[in-house]
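Chain and residue survey
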2 protein chains.
Amino acid sequence: MSDVVRIVVDGMGGDNAPSEIVKGAVAAVKDHDEIQILLTGYQDVLKKELEQYTYPKDRIQVIHTSQVIETAEPPVAAIRTKKDSSIVAGLMMVRRGEADAFVSAGSTGAVLVGAQAIVGRIKGIERPALAPLIPTKEGVTLLIDCGANVDARSSHLVQFAKMGSVYMENVIGVKRPKVGIVNIGAEEEKGNALVKETFPLLKECKDLNFIGSVEARDIPEGVCDVVVCEAFVGNVILKLYEGVAAALISKIKGSMLESFRSKIGALLVKPALKRTLKKFDVSEHGGAPLLGLKGLVVKTHGSSTAKEVENSIYQCVQFKKQNINEKIMEHIQV
Amino acid sequence: MSDVVRIVVDGMGGDNAPSEIVKGAVAAVKDHDEIQILLTGYQDVLKKELEQYTYPKDRIQVIHTSQVIETAEPPVAAIRTKKDSSIVAGLMMVRRGEADAFVSAGSTGAVLVGAQAIVGRIKGIERPALAPLIPTKEGVTLLIDCGANVDARSSHLVQFAKMGSVYMENVIGVKRPKVGIVNIGAEEEKGNALVKETFPLLKECKDLNFIGSVEARDIPEGVCDVVVCEAFVGNVILKLYEGVAAALISKIKGSMLESFRSKIGALLVKPALKRTLKKFDVSEHGGAPLLGLKGLVVKTHGSSTAKEVENSIYQCVQFKKQNINEKIMEHIQV
């Protein structure tokens with residue numbers, strides 16, 4: 001039984017809850033024997049959803065909570081007052097060691113605030129970091145930090161680099177991940193005060209494969225596996241990625257409907273195009289882990305489908321099996 | 001003769017110099033009677049290029065310089081030592097009032113450093129800002145600042161907003177331009193220290209149509225006409241815009257060659273697709289003005305073609321005719 005991975009899934013979080021969340025959880029337990037799911041939320045609603053499926057009943061347990069945190073609620077107040085919400089209850093189970101990980105498609109703010117306050121940081125970690133995988137021409141890159149803690153210091157960024165490197169190597173399977181710092185030029189002397197201060201510190205880290213500055217233009221090319229930046233810049237990168245791709249795709253679709261000729265062409269290229277765009281969809285690569293906590297917390301998109309929930313659950317399994325937190329601790333002690 | 005606009009064009013700057021630069025200058029004088037071009041660089045090279053064209057000879061004058069600043073040269077040293085370069089000579093002419101504007105596709109660093117050191121700031125302007133136009137679903141948006149001066153203060157950002165607003169209203173012709181500040185959430189209380197400090201200052205500006213925070217995701221949607229941010233973030237936005245679009249387009253092109261079916265489709269959609277992608281190309285919208293200087297300096301892409309050079313020259317004409325600097329001064333005194 002020691003190999004069982006217990007994952008709490010927020011049954012009420014996200015635009016497609018509870019249907020897609022439950023569907024994803026069911027798919028995960030059917031596919032992986034070692035997964036035990038704890039589903040938090042309104043039990044009548046969740047049980048009704050579960051009734052639609054055949055699955056090993058003993059591997060999904062509903063944990064009833066009487067409250068739900070809405071996306072628009074101010075996070076700090078929500079975490080403080082809604083003790084019996086699907087988010088707080090889930091995080092509490094991770095804190096008490098009753099679960100290894102928590103996955104939520106709910107309020108990003110509440111998950112980030114709650115995770116730090118309830119689960120707590122690994123000893124030695126100054127600040128946890130939200131690290132989504134973003135698509136590139138070559139595959140995926142970990143963007144760390146995109147979280148809610150802005151105005152970072154250089155020591156935070158060094159820890160982000162180490163945690164990101166451990167994650168990419170052990171969860172995604174990239175050997176000696178290339179680590180770059182987001183900068184406005186390739187030279188070491190370029191950058192703002194934070195980057196200039198962080199650059200030499202990263203260079204000194206013998207446990208990192210630090211390749212230097214990376215310009216934003218080159219991120220989609222996949223020039224490195226771990227892209228380090230402070231949260232404000234990370235947030236801009238993540239959201240602009242989505243925004244530019246969405247605007248461009250909408251423009252392209254529009255252009256294909258311009259004439260009869262292009263409409264016929266569109267029909268013919270559609271299947272190939274769809275596959276490509278899917279690979280370039282930020283939401284296709286599972287949720288974003290919040291690294292540096294005593295347990296694992298994964299934030300998936302608000303618009304998560306069953307597939308993304310399922311992928312996020314597998315991420316948690318890999319995280320646990322590979323002892324990521326133990327490995328992070330080793331690197332932090334260095 | 002008072003209506004003549006005298007523009008110095010760096011004949012040696014950029015990947016396609018001198019041929020595309022000269023071609024663009026010739027097209028501009030042929031199309032607009034009031035333009036007088038002063039072309040700086042090696043006179044034998046430039047004159048040979050000019051010989052290929054028929055154009056009103058008295059409207060393009062070659063100003064011989066014996067030096068050229070290369071892109072890789074450290075900007076400060078280059079400006080200091082290469083006094084007889086096409087960039088320094090051009091900027092000196094603007095400083096002495098012999099020209100109204102300077103256009104260069106050469107070293108961004110050298111142009112930015114040189115412009116500030118040689119042309120100088122408008123009285124009251126704390127810092128000039130580089131402000132490219134970026135494509136959106138709706139048209140174009142001015143992104144200010146993308147320059148080389150990082151770690152800005154809130155008072156700088158307020159001036160950027162005012163200068164950007166004047167530019168969009170008078171050069172691009174947008175009535176009451178909507179001004180937004182780049183932020184990591186829509187609410188006023190979100191953001192890093194700089195944004196939190198700047199937000200209330202922008203709200204107080206009665207001469208601005210300030211719409212509040214804009215998330216990076218919404219910039220390509222065209223939600224505002226002037227996007228205000230400090231240079232590091234602006235640089236990331238500008239370069240990621242180019243990077244995501246380029247990676248996505250390359251992926252799409254690749255996908256269309258996957259099968260016979262999609263290849264036929266690709267042939268049919270190609271013309272429509274090409275038009276769309278052109279509209280979404282950052283380089284299609286002329287150069288980036290460096291606002292806040294006593295004269296106008298426009299930096300065009302290193303890869304500028306004749307069309308972009310020509311468009312940049314027209315930008316200068318509009319800038320002069322609309323008395324942009326006088327208007328900026330009015331707003332700064334407020």
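Fair warning: this is a prediction, and the values are worked out from it, not measured in the lab. (Residues numbered from 1 in each chain as written. Chains lettered and ligands numbered in written order. Predicted model: local features only at pLDDT ≥ 70, side-chain atom pairs only at ≥ 80, totals over all residues. Heavy atoms only, no water.)

1. What to know about the overall build of chain A
Looking only at helices and strands, chain A features eleven helices and twelve strands. Taking 20 Å as the expected radius of gyration for a compact globule of 334 residues, we find that chain A reaches 20 Å, a close match to that expectation. Judged by the C-alpha coordinates and their principal axes, chain A covers about 65 × 60 × 35 Å. For chain A, the residues scored as buried account for 60% of the 334 residues in total. Intrachain contacts of chain A at a sequence separation of at least 6 include 71% that bridge at least 24 residues. (Helix = DSSP H or I, 4+ residues; strand = E, 2+ residues; numbered from the N terminus. Rg over C-alpha atoms; globule rule 2.2 N^0.38 Å. Buried < 20%, exposed > 50% of the residue type's maximum accessible area, 1.4 Å probe, protein only. Contact = heavy atoms within 4.5 Å.)

2. Looking at the packing of aromatic side chains
Residues and elements named next belong to chain B. This structure, assessed with the given rule, holds four aromatic pairs over all chains. Note on Tyr167 and Phe319: the rings are 6.1 Å apart at their centroids and 45 degrees apart in plane angle, and the pair reads as tilted. Of this pair, Tyr167 sits in helix H6 (residues 154–172) while Phe319 sits in helix H10 (residues 306–321), placing them 152 residues apart in sequence. Of the two residues, Tyr167 and Phe319, neither departs from the other in class, the shared state being buried. Here the aromatic rings of Phe199 and Phe210 are separated by 5.2 Å at their centres, their planes lie at 75 degrees, and the arrangement is edge-to-face. Of the two residues, Phe199 sits in helix H7 (residues 193–204) while Phe210 sits in strand S9 (residues 209–215), which places them eleven residues apart along the sequence. What makes Phe210 buried here is its relative accessible area of 16%. (Phe/Tyr/Trp six-rings, centres within 6.5 Å; stacked < 30°, edge-to-face > 60°.)

3. Structural notes on the relation of the copies chain B and chain A
Overlaying chain B with chain A gives an RMSD of 0.0 Å, the required rotation being 180 degrees about an axis along which the chain moves by 0.0 Å. Put plainly, the chains are arranged around a two-fold axis. For chain B, the minimum C-alpha distance to the rotation axis belongs to Gly265(B) and amounts to 1.9 Å. Here 100% of the interface residues in chain B have copies in chain A that are interface residues too; the copies meet face to matching face. (Least-squares fit on C-alpha atoms with pLDDT ≥ 70 in both.)

4. So, the pattern of salt bridges
Residues and elements named next belong to chain A. Enumeration over the complete set of coordinates arrives at 22 salt bridges over all chains. Put simply, Asp100 and Lys320 hold a salt bridge, and the shortest N to O gap is 3.5 Å. With Asp100 in the loop between helix H4 (86–95) and strand S4 (101–104) and Lys320 in helix H10 (residues 306–321), this residue pair connects regions lying 220 residues apart in the sequence. A relative accessible area of 15% means that Asp100 is categorised as buried. Note on Lys320: relative accessible area 32%, which makes it partly exposed. (Salt bridge = Lys/Arg side-chain N within 4 Å of Asp/Glu carboxyl O.)

5. Remarks on the packing of helix H1 (residues 19–31) of chain B against helix H2 (residues 43–50) of chain B
All names here are of chain B. Relative to each other, H1 and H2 sit at 55 degrees, their axes nearing to 10 Å. The orientation of H1 relative to H2 falls into the category oblique. Helix-helix and strand crossings are classified by hand; for H1 and H2 the assignment is right-handed. Contacts between H1 and H2 involve Ser19, Val22 and Val26 on the former and, on the latter, Leu46, Glu49 and Leu50. Looking at the contact of H1 with H2 residue by residue, the classes come out as four nonpolar, one polar and one charged. (Axes fitted to C-alpha atoms, helices over the stretch in contact; angles between N-to-C directions. Parallel < 35°, antiparallel > 145°, perpendicular 65-115°, else oblique. Left-handed = near helix turned anticlockwise from the far one by under 90°. Nonpolar A, V, L, I, M, F, W, Y, C, P; charged D, E, K, R; others polar.)

6. Description of the interface of chain B and chain A
At the junction of the two partners, chain B supplies 53 residues and chain A supplies 53 residues. Carbon and sulfur atoms supply 73% of the area buried between chain B and chain A, which totals about 5000 Å² over both sides. On the chain B side of the interface with chain A, the three residues burying the most area are Ile184(B), Phe232(B) and Leu240(B), jointly 14% of the side's total. Lys239(B) is the partner of Glu215(A) in a salt bridge, and the nearest nitrogen-oxygen pair spans 2.3 Å. Applying the counting rule to chain B against chain A returns 16 residue pairs in polar contact (both at pLDDT 80 or more). (Buried area = accessible area lost by both parts, 1.4 Å probe. Polar contact = N/O pair within 3.5 Å; in protein donor to acceptor, adjacent residues only side chain to side chain.)

7. With respect to the packing of helix H8 (residues 231–256) of chain A against helix H9 (residues 260–279) of chain B
The description of two helices packed together rests on the angle between their axes and the distance between the axes. Two numbers describe how H8(A) lies on H9(B): the axes approach to 8 Å, and their chain directions differ by 140 degrees. Between H8(A) and H9(B), the angle falls in the class oblique. In terms of crossing hand, the pair formed by H8(A) and H9(B) is right-handed. Residues Leu248(A), Lys251(A), Ile252(A), Ser255(A) and Met256(A) of H8(A) form the contact with H9(B), whose own contacting residues are Val269(B), Ala272(B), Leu273(B), Thr276(B) and Leu277(B). For the contact of H8(A) with H9(B), the per-class residue count stands at seven nonpolar, two polar and one charged.

8. Side note on the sheet that holds strand S11 (residues 288–291) of chain B
All names here are of chain B. The seven strands lie next to each other as S3-S2-S1-S4-S12-S11-S5, forming an open sheet whose pairing is mixed. Edge strands, defined here as strands with exactly one partner in the open sheet, are strand S3 (60–64) and strand S5 (129–130). Both strand S2 (residues 35–41) and S3 contribute to a ladder of five bridges, which runs parallel. Bridged to Leu38 within S3 is Gln61. Strand contacts of helix H4 (residues 86–95): strand S1 (5–10), S2, S3, strand S4 (101–104) and strand S12 (296–299), with the helix running at about 160 degrees to S4, the strand carrying the most contacts. In the packing of helix H5 (residues 108–119) onto the sheet, contacts are made with S4, S5, S11 and S12, and the angle to S12 comes to roughly 175 degrees. (Pairing = 2+ DSSP bridges.)

9. Some thoughts on the environment of Pro135(B)
All names here are of chain B. Residue position: Pro135 is located in strand S6 (residues 133–135). You can call Pro135 buried: its relative accessible area is 0%. Separated by 169 residues in the primary sequence, Pro135 and Ser304 place their C-alpha atoms 17 Å from one another.

10. Focus: helix H7 (residues 193–204) of chain A
Residues and elements named next belong to chain A. Those residues of H7 lying buried are Leu194, Val195, Thr198, Phe199 and Leu202. The arc enclosing the buried residues of H7, seen along the axis, measures out at 125 degrees, which places them on a common side. What points out from H7, more than 90 degrees from its buried face, is the exposed set Lys203 and Glu204. (Arc of directions from axis to C-beta.)

11. Overview of a positive patch on the surface
Residue and element names in this part refer to chain A. A surface patch of positive charge is lined by Lys253, Lys270, Lys274 and Lys278. Counting residues per element, the positive patch draws most heavily on helix H9 (residues 260–279), at three residues. By secondary structure assignment, the location of Lys253 is in helix H8. (Patch = residues over 30% accessible without salt bridge, like charges linked within 9 Å, V, L, I, M, F, W, Y side chains within 5 Å. Areas by Shrake-Rupley, 256 points an atom, 1.4 Å probe, with all protein chains shown as cover. Lys, Arg positive; Asp, Glu negative; His and termini not counted. Charge placed at Lys NZ, Arg CZ, Asp CG, Glu CD.)

12. Structural notes on the sheet that holds strand S9 (residues 209–215) of chain A
Residue and element names in this part refer to chain A. Spatially, the five strands line up as an open sheet ordered S6-S7-S10-S8-S9, and their pairing is mixed. Each having just a single partner strand, strand S6 (133–135) and S9 make up the two edges of the open sheet. Each adjacent strand pair in this sheet contributes to an overall mean axis angle of 35 degrees, direction not counted. With three bridges joining them, S6 and strand S7 (residues 140–144) adopt antiparallel strand pairing. Looking across to S7, one finds that Pro135 is bridged to Val140.

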